[in-house]
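Topology and contacts: notes
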Amino acid sequence: MLCVSFPPSIDERCATLVLGSMPGVRSLAEQQYYAHPRNRFWPLMASLFGESLPADYPGRLSMLLRHRIALWDTIGRCEREGSLDSAIRHEEANDIASLLMQYPGIRQILCNGGKAYAAFRRYDSSLLAREGLVVRAMPSTSPANARWTLTRLEAVWGAALAGKGEGERR
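Description of the pairing of strand β3 (residues 69-73)
Extensive coverage of β3 is indicated by the burial of five of its five residues. The side-chain alternation of β3 yields two buried faces, one formed by I69, L71 and D73 and the other by A70 and W72. Strand direction decides the pairing type here: strand β2 (residues 16-20) and β3, joined by five bridges, are parallel. Counterpart to L19 in the pairing with β3 is W72.

Right, dumping it as structure tokens:
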């Protein structure tokens with residue numbers, strides 16, 4: 001099945017860009033980032049911000065933008081059966097370099113999961129030389145990453161959003 005990612009959710013105030021790999025089947029069907037009800041991304045973000053989780057998708061995107069967080073994917077198009085990153089074939093990258101030129105306030109990229117980070121390194125490794133940009137490989141919020149509890153995710157993601165923790169600093 002041909003999969004095409006969504007446009008970025010971003011504005012000029014954003015300082016952090018969260019990159020997924022490619023939306024899963026449920027997200028593609030609903031045209032919403034992290035739409036699978038067991039994905040912990042939205043509950044994690046609401047918890048870290050000390051907010052109630054907005055019930056509607058526009059409210060969720062607004063919550064991130066209020067906290068200066070943008071969303072996009074490393075992969076713009078691919079073929080994949082199902083939702084697993086391991087099933088991605090014939091991938092084409094999104095143009096993250098152009099996005100960062102358009103939004104120079106982005107100072108941190110958080111790659112949500114190993115596939116997102118691997119794709120970023122494959123297609124956008126030159127961005128690692130960008131002065132003042134920190135890139136971090138984060139544990140996936142996907143339900144497939146069951147070994148990471150919400151509490152563990154909160155600790156690692158919370159530290160990254162606070163500018164602490166490990167990352168490739170340039």
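From this point, things continue past the structure.
With respect to unusual backbone geometry
Apart from glycine, the bulk of residues carry a negative phi angle, and the bulk of peptide bonds sit in the trans form. The phi dihedral of R68 falls on the positive side, at around 65°, and the residue is not glycine. Note on placement: R68 falls in the loop between α3 (57-66) and β3. The exposure class of R68 is partly exposed, given its relative accessible area of 44%.

Here we look at the pattern of salt bridges
Per the stated rule, a full pass over the model turns up six salt bridges. Where E51 meets R66, a salt bridge forms, and the shortest distance between an N and an O atom there is 2.7 Å. Here E51 is found in the loop between α2 (41-49) and α3, whereas its partner R66 is found in helix α3, with 15 residues between them in sequence. In this structure E51 comes out as partly exposed when scored by relative accessible area, which is 26%. Here R122 ties to E91 by a salt bridge, and the two come within 2.5 Å at their closest N and O atoms. Remark: E91 occurs in strand β5 (residues 89-93) and R122 occurs in helix α5 (residues 114-124); sequence separation between them is 31 residues. The class of E91 is buried, set by a relative accessible area of 16%.

So, the pairing of strand β6 (residues 108-112)
Counting buried positions over the five residues of β6 gives five, a clear majority of the element. The alternating pattern of β6 places Q108, L110 and N112 on one face and I109 and C111 on the opposite face, and all of these are buried. Strand direction decides the pairing type here: β2 and β6, joined by four bridges, are parallel. Across the sheet, V18 pairs through a bridge with L110, a residue of β6. Tracing the backbone out of β6, into α5 and back to the parallel element strand β7 (residues 134-138) gives a crossover that is right-handed.

Rules used in this analysis
- Residues numbered from 1 in each chain as written.
- Predicted model: local features only at pLDDT ≥ 70, side-chain atom pairs only at ≥ 80, totals over all residues.
- Heavy atoms only, no water.
- Buried < 20%, exposed > 50% of the residue type's maximum accessible area, 1.4 Å probe, protein only.
- Helix = DSSP H or I, 4+ residues; strand = E, 2+ residues; numbered from the N terminus.
- Pairing = 2+ DSSP bridges.
- Salt bridge = Lys/Arg side-chain N within 4 Å of Asp/Glu carboxyl O.
- Right-handed = clockwise from strand over helix to strand, strands pointing away.

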